[in-house]
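If you want the building blocks of each chain, they are given just below.
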Amino acid sequence: MGSLLDIVKRRCSVRDFSSKPVEKGTLEYILEAARMAPSAVNIQPISLYVIQSEPLLSEIKSCYGREWIHNAPVVIVACGDHRAGWHRADGKDHTDIDVAIAVDHLTLAATEMGIGTCWVCNFDAERCSYILGLSECVEPVVLIPMGYPTVPCQTVKKRKSMDEIVRYL
Ligand SMILES: Cc1cc2nc3c(=O)[nH]c(=O)nc-3n(C[C@H](O)[C@H](O)[C@H](O)COP(=O)(O)O)c2cc1C
């Protein structure tokens with residue numbers, strides 16, 4: 001499998017999944033990577049809802065109006081507790097950052113295990129909160145449909161050049 005950079009480069013958004021279920025041990029490995037994520041002041045204001053059985057799976061998928069999600073055997077809902085999360089003195093809320101780091105760990109660990117994932121933020125968060133019965137301060141931030149990919153990722157990634165994003169000062 002190789003280095004972390006290999007895994008980073010191998011991760012891609014997977015939007016077509018086989019019906020093969022994700023094994024319990026594999027799922028636990030992926031979740032452990034998320035659990036180990038750093039967070040501001042180590043508050044860990046995250047919660048991960050792992051949804052793999054009906055009728056809840058279909059209900060959660062209905063929060064995202066795209067056909068492709070319906071193939072996914074698992075959807076993880078990554079949530080952040082804005083009341084618990086760290087707020088800087090100027091008021092900036094770091095909860096979404098904490099959730100994002102955990103989700104990034106999760107997607108990379110999934111890649112390592114041969115599991116495809118896709119970040120999904122363009123979903124109906126209000127409906128998702130209602131379905132999961134989340135309290136007001138807990139926001140579903142990302143849906144992560146996951147499963148075994150049916151097609152390999154493209155090898156070339158469309159990314160800005162180093163010059164466009166890095167400034168050595
Ligand atoms: C914060 C975030 C939100 C995203 N939301 C969606 C989404 O709602 N639907 C979708 O199909 N892809 C979504 N994506 C996937 C991006 O389109 C994708 O990561 C980007 O095009 C780069 O492609 P790659 O993931 O294959 O490298 C999202 C990605 C991120 C990081």
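Along each chain, residue indices are assigned from 1 in the same order as the chain's sequence is written. Two thresholds apply to this predicted model, a pLDDT of at least 70 for residue-level local features and 80 or more for giving and counting side-chain atom pairs, whereas whole-chain, interface and lining totals are computed over all residues.

### Focus: the site of the ligand
We apply this condition: The rule is simple: place the C-beta atom from the backbone, and if it lies within 6 Å of a molecule or strand, the residue is near it. Amino acids are sorted into nonpolar (Ala, Val, Leu, Ile, Met, Phe, Trp, Tyr, Cys and Pro), charged (Asp, Glu, Lys and Arg) and polar (every other residue, Gly among them).
Around the ligand sit Cys12, Ser13, Cys118, Trp119, Val120, Cys121, Asn122 and Lys157, and those are all the residues in its vicinity. Classifying every residue of the shell around the ligand gives 5 nonpolar, 2 polar and 1 charged.

### Re the nonpolar core
Let me state the cut-off plainly: Note on terminology: a nonpolar core is a set of buried residues of type Ala, Val, Leu, Ile, Met, Phe, Trp, Tyr or Cys, with members joined through C-beta atoms within 7 Å. Any residue whose C-beta has 12 or fewer other C-beta atoms within 10 Å is treated as exposed, any with 20 or more as buried, and any in between as partly exposed, C-beta atoms being built from the backbone. Working definition: helices are DSSP H or I runs of at least four residues, strands are E runs of at least two. Numbering for both runs from the N terminus. Here the contact rule is simple: place C-beta atoms from the backbone, and any two residues whose C-beta atoms are within 7 Å are in contact.
Membership of the largest hydrophobic core comes to 35 residues, with the highest contact counts inside it found for Val75, Val77, Ala78, Leu143 and Ile144. Listing elements by their share of this core, those giving two or more residues are α2 (24-35), β1 (46-51), β2 (74-81), α4 (95-112) and β4 (138-147). Once residues lying within four places of it in the same chain are set aside, the contact partners of Ala78 are Ile46, Leu48, Val99, Ala102, Val103, Val141, Val142 and Ile144.

### A short note on α4
This is how the line gets drawn: Helix span, expected: 1.5 Å multiplied by one less than the number of residues in the helix.
When the terminal C-alpha atoms of α4 are compared, their 26 Å separation across 18 residues agrees well with the 26 Å that a helix rising 1.5 Å per residue should span. For α4, the complete set of buried residues consists of Thr95, Asp98, Val99, Ala102, Val103, Leu106, Thr107, Ala109, Ala110 and Thr111. Lining the buried residues of α4 we find α1 (4-10), α2, β1, β2, β3 (116-117) and β4. Downstream of α4 by one or two residues, Gly114 has phi in the positive range, about 80°.

### Side note on the sheet that holds β2
The strands that make up a sheet pair up through hydrogen bonds in the backbone, lying either parallel or antiparallel. Using the following cut-off: One requirement defines pairing of two strands: DSSP has to find at least two bridges between them.
A sheet is described by the order of its strands in space; here 4 strands give the open sequence β1-β2-β4-β3, paired in antiparallel fashion. The open sheet has two edge strands, β1 and β3, and neither has a second partner. Pairing between β2 and β4: 8 bridges, direction antiparallel. Counterpart to Ala78 in the pairing with β4 is Val142.

### A look at the packing of α2 against α4
Packed helices, taken two at a time, are described by their axes: the angle between them and the distance between them. In plain terms, the rule: Each axis is a line fitted through C-alpha atoms, and for a helix only the stretch in contact is used; angles between axes span 0 to 180 degrees, taken between their N-to-C directions. Put simply, angles under 35 degrees are roughly parallel, angles over 145 are roughly antiparallel, angles from 65 to 115 are roughly perpendicular, and the rest are oblique. Here a crossing is called left-handed whenever its near helix is offset anticlockwise from the far helix by less than a right angle, and right-handed whenever the offset is clockwise.
It is at 7 Å that the axes of α2 and α4 come closest, and there the two elements cross at 150°. Our classification of the angle between α2 and α4 gives roughly antiparallel. Relative to α4, the crossing made by α2 is right-handed. Contacts between α2 and α4 involve Tyr29, Ile30, Ala33 and Ala34 from the first element and Ala102, His105, Leu106, Leu108, Ala109 and Ala110 from the second. Looking at the contact of α2 with α4 residue by residue, the class counts come to 9 nonpolar, 1 polar and no charged.

### Focus: unusual backbone geometry
Of the consecutive residues Glu54 and Pro55, the connecting peptide bond is found in the cis state with omega at 10°. On the secondary structure map, Pro55 appears in the loop between β1 and α3 (56-61). Phi is positive for Asn42, close to 55°, though the residue is something other than glycine. On the secondary structure map, Asn42 appears in the loop between α2 and β1.

### Remarks on the pairing of β4
On a regular strand, each side chain points to the face opposite its neighbour's, so the side chains alternate between the two faces of the sheet. Of all 10 residues in β4, 9 are buried; the element is thus mostly enclosed. Direction of pairing for β3 relative to β4: antiparallel, over a ladder of 2 bridges. Opposite Gly116, over in β4, you have Gly147 as the bridge partner.

### Overview of the pairing of β2
Of all 8 residues in β2, 7 are buried, a share of seventy percent or more. In this structure, β1 lies alongside β2, joined through 6 bridges in antiparallel fashion. Paired with Ile51 across the strands is Val75, a residue of β2.

### Observations concerning the environment of Ser62
Relative to the elements of secondary structure, Ser62 occurs in the loop between α3 and β2. Residue Ser62 is classed as partly exposed on the basis of its C-beta count, with 15 C-beta atoms lying within 10 Å. A sequence separation of 29 residues divides Ser62 from Ala33, and the C-alpha atoms of the two residues are 27 Å apart.

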